[in-house]
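Observations on chain architecture
Residue strings, one per chain:
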Amino acid sequence: MATIESVLHETRLFAPNDSFVSQANLLNEEACQALCREAEKDYLGFWGKLAQEHIQWHKPFTRVLDESNYPCFKWFDDGELNVSFNCLDRNLEANSDKIAIIFEADDGKVTRATYRDLHLQVCQFANGLRSLNIKKGDRLIIYMPMSIEAVVAMQACARIGAIHSVVFGGFSAKSLHERIVDTAAVAVITADEQRRGGKGIALKPVVDKAIEMGGGDSIKSVVIYKRTGQNIQWHNSRDVWWHDLVIDKSDYCEPEWVNAEHPLFILYTSGSTGKPKGIQHSSAGYLLGTMVSMKWIFDYKPTDIFWCTADVGWITGHSYVAYGPLAMGATQIVFEGVPTYPDAGRFWKIIQDHKITTFYTAPTAIRSLIKLGSELPREYDLSSLRLLGSVGEPINPEAWMWYYNVVGQSRCPIVDTWWQTETGCHMIAPVPGVRPLKPGSCTFPLPGIMAAIVDEAGHEVENGKGGLLVIKRPFPSLARTIWGNPERFRKTYFPDDLGGKYYLSGDSANCDLDGYFWIMGRIDDVLNISGHRLGTMEIESALVANHLVAEAAVVGKPHEIKGEVIVAFVVLKDACPQGEDAKKIAAELRNWVSKEIGPIAKPEEIRFGDNLPKTRSGKIMRRLLRAIARGEQITQDVSTLENPAILEQLKQSMA
Ligand code: WT7
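Structural notes, computed from the coordinates. (Residues numbered from 1 in each chain as written. Predicted model: local features only at pLDDT ≥ 70, side-chain atom pairs only at ≥ 80, totals over all residues. Heavy atoms only, no water.)

1. Quick word on the site of the ligand
Around the ligand sit 16 residues, and of these Asp416, Thr417, Gln420, Thr421 and Asp507 come closest. Take Gly392: an N or O atom from its main chain is 3.0 Å from a nitrogen atom of the ligand. Lys619 places a polar side-chain atom, nitrogen or oxygen, 3.1 Å from an oxygen atom of the ligand. Contact with the protein chains hides 88% of the accessible area of the ligand, taken as 550 Å² for the molecule alone. Secondary structure elements with two or more residues in the shell around the ligand: helix H11 (315-327) and strand E25 (517-522). Partitioning the shell around the ligand into residue classes produces six nonpolar, five polar and five charged. (Near = heavy atom within 4 Å. Polar contact = N/O pair within 3.5 Å; in protein donor to acceptor, adjacent residues only side chain to side chain. Areas by Shrake-Rupley, 256 points an atom, 1.4 Å probe, with all protein chains shown as cover. Helix = DSSP H or I, 4+ residues; strand = E, 2+ residues; numbered from the N terminus. Nonpolar A, V, L, I, M, F, W, Y, C, P; charged D, E, K, R; others polar.)

Put into structure tokens, the structure is as follows:
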């Protein structure tokens, strides 16, 4: 059975520094190992105990796991709770005056909400939703800018047992329409506009368009938060201002006590083909996952100022903005704007101004900030930082080194967290302060997460060989199903050829001889060069390790003899090269890769551009690059593309 070859040779090792170790939540290797052993020995006991310790139950559970409805597993399913109660009411006693959210607007204006404020806002808004006759189990679409109100809307849904589906504010009317129809939502919560990078971007008109596309009749109400005061068209039959809805509402809202398995939310992920999947999460299992990962991986302390830069439209913004930090009673930043406005120092300024301790962002942001000003962070006081995090894509070792040295000033561990919309919380990530870090490796599975690498028949491969990344046992935060399509859920994530037992992540990975996990890319993107199967990440990382290169993406193109050859799309730190210059640099880079990882990985062709095609969440869309490399028409849906203009440039490019 074919495995995937690993060709990256990364040998740098970064031991945790003593000052971090002495205060770490999971003190040391022994404590961490003890937890892992506990999970091995008594899996259900392990998770049951954590669920008792972390969640405030309205009615305690007596059963930990019910597998009878495989693969839609049920956890703690005879228990009752309310997620919003766990995030807010629980913090009122000791923390009512503690700041829950520091909101920094696009224009720099700062608004603070304490736990008491947030509780009040959520209660009033939840009462408002009830007054619109919205009930437990109803679906609501949230189409909002990053704001305290977006978090309030999510928490208010949780409070009354309604199921939210947040749609990223940059998505089109068509995407919104699809999600309204698929969930048969009864309401949309939106804003007149959002502000990003000094500009106003309309939201409410997009909602109107989506509803009027047909099939949107399930929508009875549209609640509008007035963000900018921009004129909007008004529909008397369904529109209501947020401020009018809450004005006469009581400051307390009795939580709807729901079963542990009650759906908390649906979040659509595009997947590489086909219709977006409505990933459905549970209440208790999901909440537990966000809490233990806050504690173990973010080493959360009550004194932290936490900043996850993700939009609430992504799972990262659910788990590490809307739920996890609040459940832990944390103080966090919610930022409306973009990293480049008013200038490329914005992130560093926010860290300095608010004395951020924990900073969590995506490799795409890191790479673009390197390109925009690799020395810029040094102009700011970043001494409050104690921990850095990365999520969304493999972080290339050279980007890791920059993040570590320049942003973290060689003081802060980096937690490279591997997980997915479907897993709800971190799956493979370093417990900081415990083991040495390797740049580019997400290190080890969390205690209680049984990750493994297998071949196509489901057999575990030996360390050093690449294969399919799976999780061998169900875990509490795993998605329960695809909304309205349990069959697709089973086929996609629990395919028969793996014995139907393991959760299939869709990523390729390898485990090195020290047991560290390395994500190699998506399985669909694996290259096949003269019979060698190679992941995309390692070749891209070799390119990014060259001092000229800011970003790179590699794809395969059919070749008569070799099966496939590698075409690399490269963005340089300097301007896009032309003519002879481009030829010279391309030759240099081809040789560089050949030297760095071997002739087998040498790109046949290198093309330069000002940027790469990316999804709205910053992931490189290799399937589009594949079409360009092959000279094919792009027939795929490009509506989720952040920067469509780049496709033309890349089509023209030939070094
Ligand atoms: C896919 C999941 C997880 C929240 C944001 C993305 C890739 C994610 C890492 C990482 C290497 C990573 C994987 C995964 N990915 N984190 N630390 N190292 N790859 O959620 O949109 O569901 O995407 O993102 O390919 O399968 P998502």
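2. Observations concerning the packing of helix H4 (residues 83-95) against H11
Axis separation between H4 and H11 bottoms out at 8 Å; the angle between their running directions is 50°. On the basis of their axis angle, the class for H4 and H11 is oblique. Once H4 is placed against H11, the crossing between them reads as left-handed. For the pair H4 and H11, the contacting residues are Val83, Asn86, Cys87, Arg90 and Asn91 in the first and Tyr323, Leu326 and Ala327 in the second. Class assignment for the residues of the contact of H4 with H11 results in five nonpolar, two polar and one charged. (Axes fitted to C-alpha atoms, helices over the stretch in contact; angles between N-to-C directions. Parallel < 35°, antiparallel > 145°, perpendicular 65-115°, else oblique. Left-handed = near helix turned anticlockwise from the far one by under 90°. Contact = heavy atoms within 4.5 Å.)

3. Observations concerning the nonpolar core
Counting 147 residues, the largest nonpolar core has Phe76, Phe125, Ile189, Trp242 and Tyr323 as its most contacted members. Looking at this core element by element, the count peaks at ten residues for helix H6 (residues 148-160). The contact partners of Phe76, leaving out residues within four places of it in the chain, are Trp47, Gly48, Ala51, Trp57, Phe61, Arg63, Val64, Ala260, Ala284, Gly285, Leu288 and Pro476. One finds Ile102, Phe359, Leu369 and Ile395 within the second-largest nonpolar core, a separate group that totals 33 residues. (Core = buried A, V, L, I, M, F, W, Y, C linked by side-chain atoms within 4.5 Å. Buried < 20%, exposed > 50% of the residue type's maximum accessible area, 1.4 Å probe, protein only.)

4. Some remarks on the packing of aromatic side chains
All chains considered together, the criterion is met by 41 aromatic pairs. Look at Phe168 and Phe171: their rings are 5.8 Å apart centre to centre, the planes differ by 90°, and that puts the pair in the edge-to-face class. Side by side, Phe168 and Phe171 carry an identical accessibility label, which is buried. Between the aromatic rings of Phe265 and Tyr286, the centroid separation amounts to 4.9 Å while the plane-to-plane angle is 85°, which identifies the pairing as edge-to-face. Note that Phe265 is positioned in strand E14 (residues 265-269) and Tyr286 in helix H10 (residues 284-296), a separation of 21 residues in sequence. Here Phe265 and Tyr286 have matching classes, each one buried. (Phe/Tyr/Trp six-rings, centres within 6.5 Å; stacked < 30°, edge-to-face > 60°.)

5. A closer look at the pairing of strand E17 (residues 331-335)
The buried fraction of E17 amounts to five of the five residues, a majority that puts the element mostly inside the structure. Taking every second residue as pointing to the same face, both faces of E17 are buried, with Thr331, Ile333 and Phe335 on one and Gln332 and Val334 on the other. Relative to E17, strand E4 (residues 99-104) runs parallel, the two sharing four bridges. In the sheet register, Phe103 faces E17, and the bridge partner there is Val334. For the segment spanning strand E16 (residues 305-308), H11 and E17, crossover handedness is right-handed. (Pairing = 2+ DSSP bridges. Right-handed = clockwise from strand over helix to strand, strands pointing away.)

6. With respect to the pattern of salt bridges
Throughout the structure, instances matching the rule amount to 45 salt bridges. Residue Lys651 is joined to Glu648 by a salt bridge in which the shortest nitrogen-to-oxygen separation is 3.0 Å. Placement of both Lys651 and Glu648 in helix H19 (residues 645-652) is noted, with a separation of three residues, approximately one turn of the helix. On the accessibility criterion, Lys651 (37% relative accessible area) is partly exposed. For Glu648, a relative accessible area of 42% puts it in the partly exposed group. Sharing partners across several salt bridges, the network here consists of Lys204, Asp208, Glu212, Arg238 and Asp239. (Salt bridge = Lys/Arg side-chain N within 4 Å of Asp/Glu carboxyl O.)

7. Side note on the pairing of strand E15 (residues 277-281)
In terms of burial, E15 is largely enclosed, as five of its five residues are buried. Pairing analysis gives five bridges linking E14 to E15, with the strands arranged antiparallel. Pairing of Thr269 across the sheet is with Lys277, part of E15. As paired strands, E15 and strand E23 (residues 481-482) are joined by two bridges and run antiparallel to one another. If you follow Gln280 over to E23, its bridge partner there is Thr481.

8. Some remarks on empty space enclosed by the protein
Under the criterion given, the structure shown has five cavities of 30 Å³ or more. If you add up the space inside the largest cavity, you get close to 80 Å³. Looking at the largest cavity, the residues that line it are Arg367, Glu393, Pro394, Asn396, Met537, Glu540, Val544, Glu551, Ala552, Ile620 and Arg622. Counting residues per element, the ones that place at least two in the lining of the largest cavity are helix H16 (536-544) and strand E28 (549-559). Here the lining of the largest cavity takes three residues from H16, the largest share from any one element. Broken down by class, the residue content of the lining of the largest cavity amounts to five nonpolar, one polar and five charged. (1 Å grid on protein atoms, 1.4 Å probe; cavity = no way out; pocket = protein on both sides within 12 Å on 5 of 7 lines; lining within 4 Å. Points joined across faces, edges and corners; volume = space filled by probe spheres on them.)

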